[in-house]
Amino acid sequence: MEFSIKSGAPQSARNGCLVVGVFEPRKLSRPGAALDRAAKGYLSAVLRRGDLQGKLGTTLFLHNVPGAAADRVLLVGLGREAEFSEKNFRSAVAAAIRALGTSGAEEASLHLTELAVGKRDAAWKVAHAVMVARDSTYRFSRMKSKQEENDTTLRRLVLSVSDRTAERRAAAGLEQGLAVAHGVALARDLGNLPPNVCTPAHLADQARELAKRYRMKIEVLERADMERLGMGALLSVARGSAQPPKFITLEHRGGPKTARPVALVGKGITFDTGGISLKPPADMDHMKFDMCGAASVLGTMKAVGEMRLPVNVVAVIPTTENMPGGRATRPGDIVKSLSGQTVEILNTDAEGRLILCDALTYVERFKPAAVIDIATLTGACVVALGHVATGLFANDDALAGGVLEAGATAHDRAWHLPLWEDYQEQLSSNFADFANVGGRAAGAVTAACFLARFTKTFKWAHLDIAGTAWKSGKEKGATGRPVPLLTQFLINRAHGARKS
Ligand code: BES
Ligand code: MN
Ligand code: ZN
């Protein structure tokens, strides 16, 4: 689907469909009222008859509307005007796209982007309309033997803004929305690919492709390199797997040469069986999504590369499978991490923190201004926050604030959880410096506490995306989160809206 921006009266738009909003109860939005005047009260008469109340997400097609140059008019319910939130704006756009997809219209002009959404400007509304449109028409069919017919007829969407000055700013929103949408699609594709295709080598190939396309620097370390460096924690996870592990570094240098980079570290477990601490069989296929942290980092790099964002970013992806086997790590094994600290592995299913800790030590060499790791780390985080908010932990409050704000702007929200010293004692070990698990209580916190022991020398935030990176059930699949949050965070930094 292609997008463009236009200002002007709805009745003059010559295309397949005009999309205008209706607030509850039966109240036309401003572009709707303008169209109604041109149509000599045709729309208000339809509403008076009670065909559409304006309930959020409901839709009604009208044909042969007098005075309108378009073939059709689509009315979209917006809910109550006083309650018209960012979430409702996004729901209304999604409902419009869904209805248009089966309408036969190839082109439509969306007037919902003219509505007032809190204090958000035209650029924000356009960016979100683009992201929602792309997200709701995303399909993953490449593993089907017969490619499904593209089920949406819509080819072009014209996003309407109030006037000429808004048009210019909206163009930046369009560019940003598209870049994020492309990053999200990449993250979803990688997450949805089966674990026999999306291996550590596949992730490395994807990173190489991004490097080539956007002129980034790439390095892929092999098992022998990791052994030489002393990444004992990461390698302990890879022991049971026949797939060779990879350690990927991808660098975008868009900012001033001397500016310290932001480092993004993504968990890349391409399949998590639990290892010797084997997971139960039910739903084990979900653990193909255990590389969604890595996928979100690659998706964000794509968005950053596409926007040529003037900021320095280093992406680091430790990637391996977590498999059982004769060579696999046993519960009770003690390993030495790259930092020199020793870890007693009491549960081989707490493997994410083991690959991340060596990656976090590794990023020290880039003298990062800030480090953010992204990981499907704990089931406990899903229990705590469900599938709505990503869990956020940080050793720096200004950094946490920046991440939260980016999440709010991108509507890809996180919630700040504690990282207090008091929790650290749960990780104590009689035999090594500490253990890799801290018992059932506060599982998401103790996992973050484990990582905190490797991030003392820089500002660091940790995003636990176990509940937000993918969905189960009928809609099973990767969501692409938190690509929108991460990209917005980097955009804010590029624009100097940073305190740290
Ligand atoms: N990849 C899982 C976390 C996970 C669980 C993500 C469910 C998404 C849905 C992680 O490697 C894991 O197994 N964590 C354990 C930690 C425990 C052994 C301390 C968990 O959450 O049960
Ligand atoms: Mn695990
Ligand atoms: Zn895992």
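Remember, it's a predicted structure, so these values are computed and weren't measured experimentally.

What counts, and where the lines are drawn
- Residues numbered from 1 in each chain as written.
- Chains lettered and ligands numbered in written order.
- Predicted model: local features only at pLDDT ≥ 70, side-chain atom pairs only at ≥ 80, totals over all residues.
- Heavy atoms only, no water.
- Helix = DSSP H or I, 4+ residues; strand = E, 2+ residues; numbered from the N terminus.
- Buried < 20%, exposed > 50% of the residue type's maximum accessible area, 1.4 Å probe, protein only.
- Contact = heavy atoms within 4.5 Å.
- Areas by Shrake-Rupley, 256 points an atom, 1.4 Å probe, with all protein chains shown as cover.
- Lys, Arg positive; Asp, Glu negative; His and termini not counted.
- Charge placed at Lys NZ, Arg CZ, Asp CG, Glu CD.
- Salt bridge = Lys/Arg side-chain N within 4 Å of Asp/Glu carboxyl O.
- Near = heavy atom within 4 Å.
- Polar contact = N/O pair within 3.5 Å; in protein donor to acceptor, adjacent residues only side chain to side chain.
- Nonpolar A, V, L, I, M, F, W, Y, C, P; charged D, E, K, R; others polar.
- Donors = N, O, S within 2.8 Å, 3.2 Å for Na, K, Ca; no water.
- Pairing = 2+ DSSP bridges.
- Axes fitted to C-alpha atoms, helices over the stretch in contact; angles between N-to-C directions.
- Parallel < 35°, antiparallel > 145°, perpendicular 65-115°, else oblique.
- Left-handed = near helix turned anticlockwise from the far one by under 90°.
- Domains from an automatic or database assignment.
- Buried area = accessible area lost by both parts, 1.4 Å probe.
- Tetrahedral: all angles 85-135°; square planar, octahedral: opposite > 155°, others 65-115°.
- Expected span 1.5 Å × (residues − 1).

1. Brief notes about the overall build of the chain
For step 1, the next point in the chain: Along the chain, the regular secondary structure elements total 14 helices and 21 strands.
For step 2, the next point in the chain: If you line up the chain on its principal axes, its C-alpha atoms span 80 × 50 × 45 Å.
For step 3, the next point in the chain: Each of the 500 residues in the chain was classed as buried or not, and the buried ones make up 59%.
For step 4, the next point in the chain: Contacts in the chain between residues far apart in sequence, at least 24 positions, make up 77% of those at least 6 positions apart.
For step 5, the next point in the chain: As displayed, the chain offers around 21,200 Å² of accessible surface, 49% of which is attributable to carbon and sulfur atoms.
For step 6, the next point in the chain: Computed over 64 positive and 50 negative side-chain charges, the inter-centroid distance for the chain is 5 Å.

2. As for the pattern of salt bridges
For step 1, the next point in the chain: Scanning all chains against the criterion turns up 20 salt bridges.
For step 2, the next point in the chain: Put simply, K246 and E222 hold a salt bridge, and the shortest N to O gap is 2.9 Å. Separated by 24 residues along the polypeptide, K246 in strand β9 (residues 246-253) and E222 in the loop between β8 (217-221) and α7 (223-229) bring together distant segments of the chain.
For step 3, the next point in the chain: With a relative accessible area of 11%, K246 lands in the buried category.
For step 4, the next point in the chain: One salt bridge connects K267 with D290, and the closest N-O pair in it is separated by 3.1 Å. Taken together, the residues K267 in the loop between β10 (262-266) and β11 (268-272) and D290 in the loop between β11 and α9 (292-307) connect sequence positions 23 residues apart. Like K267, the residue D290 is buried in the burial classification.
For step 5, the next point in the chain: Within the structure, one salt-bridge network assembled from shared partners comprises K217, E251 and R253.

3. What about the site of ligand 1?
For step 1, the next point in the chain: Around ligand 1 sit 16 residues, and of these K279, D290, D349, E351 and G379 come closest.
For step 2, the next point in the chain: With respect to ligand 1, the side chain of K267 contributes an N or O atom lying 3.3 Å from an oxygen atom.
For step 3, the next point in the chain: For ligand 1, an oxygen atom lies 2.7 Å from a polar atom in the backbone of G379.
For step 4, the next point in the chain: Here ligand 1 has 510 Å² of accessible area as a free molecule, and 78% of this is covered by the chains.
For step 5, the next point in the chain: Taken together, the residues of the shell around ligand 1 sort by class into five nonpolar, four polar and seven charged.

4. Examining unusual backbone geometry
For step 1, the next point in the chain: Cis geometry is adopted by the peptide bond preceding P25, which originates at E24 and carries an omega value of 0 degrees.
For step 2, the next point in the chain: Note on placement: P25 falls in the loop between β2 (17-24) and β3 (27-28).
For step 3, the next point in the chain: A cis amide bond links R481 to the next residue, P482, at an omega of 0 degrees.
For step 4, the next point in the chain: Within the chain, R215 stands out as a residue other than glycine whose phi angle is a positive 50 degrees.
For step 5, the next point in the chain: At D283, a position not held by glycine, the phi torsion is positive, near 65 degrees.

5. Brief notes about the coordination of the manganese ion (ligand 2)
For step 1, the next point in the chain: Bound to the manganese ion (ligand 2) are the protein donor atoms D272 (OD), D349 (O), D349 (OD) and E351 (OE), situated 2.1 to 2.2 Å from the metal.
For step 2, the next point in the chain: In this structure, the manganese ion (ligand 2) is positioned 3.1 Å from the zinc ion (ligand 3), and both are ligated by D272.
For step 3, the next point in the chain: What makes D349 partly exposed here is its relative accessible area of 22%.

6. Structural notes on the sheet that holds strand β14 (residues 342-344)
For step 1, the next point in the chain: In space, the three strands of this open sheet follow the order β13-β14-β18, with mixed pairing throughout. In the strand order of this sheet, the two ends are held by β13 (334-336) and β18 (434-435), each with one partner.
For step 2, the next point in the chain: In the sheet, β13 pairs with β14 via three bridges, with the strands oriented antiparallel. Each bridged residue has a counterpart across the sheet, and for K336 the counterpart in β14 is T342.

7. Focus: the packing of helix α5 (residues 164-192) against α9
For step 1, the next point in the chain: One way to put it is that α5 packs onto α9 with a least axis distance of 8 Å and a crossing angle of 150 degrees. As the angle between them shows, α5 and α9 are arranged roughly antiparallel. Viewed along their axes, α5 and α9 form a crossing whose handedness is right-handed. Across from E175, Q176, L178, A179, V180, H182, G183, L186, A187, L190 and G191 in α5, the residues of α9 making contact are C292, A295, S296, L298, G299, K302, A303, E306 and M307.
For step 2, the next point in the chain: Residue classes in the contact of α5 with α9 are distributed as eleven nonpolar, six polar and three charged.

8. Let's talk about the domain arrangement of the chain
For step 1, the next point in the chain: Along its sequence, the chain is organised into domain 1 (2-141 + 155-160) and domain 2 (181-494).
For step 2, the next point in the chain: The C-alpha-based centres of domain 1 and domain 2 are spaced at 39 Å.
For step 3, the next point in the chain: The partner domain 2 presents 13 residues to the ten residues of domain 1 that form the contact.
For step 4, the next point in the chain: Across the domain 1 to domain 2 interface the summed buried area is about 1,100 Å²; carbon plus sulfur atoms make up 55%.
For step 5, the next point in the chain: At the junction of domain 1 and domain 2, the tally comes to one salt bridge.
For step 6, the next point in the chain: Of the charged contacts, one joins R188 and D135 as a salt bridge, the two residues approaching to 3.0 Å between their closest N and O atoms.
For step 7, the next point in the chain: Linking domain 1 with domain 2 are six residue pairs in polar contact (both at pLDDT 80 or more).
For step 8, the next point in the chain: Counting residues per element, the ones that place at least two in the side of domain 1 that touches domain 2 are α3 (86-101) and α4 (122-136).
For step 9, the next point in the chain: The element best represented in the side of domain 1 that touches domain 2 is α4, accounting for four residues.
For step 10, the next point in the chain: Of the residues in the side of domain 1 that touches domain 2, the class split is three nonpolar, one polar and six charged.

9. Concerning the coordination of the zinc ion (ligand 3)
Ideal geometry at a metal centre gives angles of 109.5 degrees when four donors are arranged tetrahedrally and 90 or 180 degrees when six donors are arranged octahedrally.
For step 1, the next point in the chain: Those protein atoms acting as donors to the zinc ion (ligand 3) are K267 (NZ), D272 (OD), D290 (OD) and E351 (OE), and they sit at 2.0 to 2.4 Å.
For step 2, the next point in the chain: Viewed at the metal, the six donor atoms of the zinc ion (ligand 3) are separated by angles of 79 to 176 degrees, and the geometry they form is octahedral.

10. Considering α3
For step 1, the next point in the chain: Taking 1.5 Å per residue, 16 residues should reach 22 Å; α3 reaches 23 Å between its end C-alpha atoms and fits that length.
For step 2, the next point in the chain: The element α3 is extensively covered by neighbouring structure, given that twelve of its 16 residues are classed as buried.

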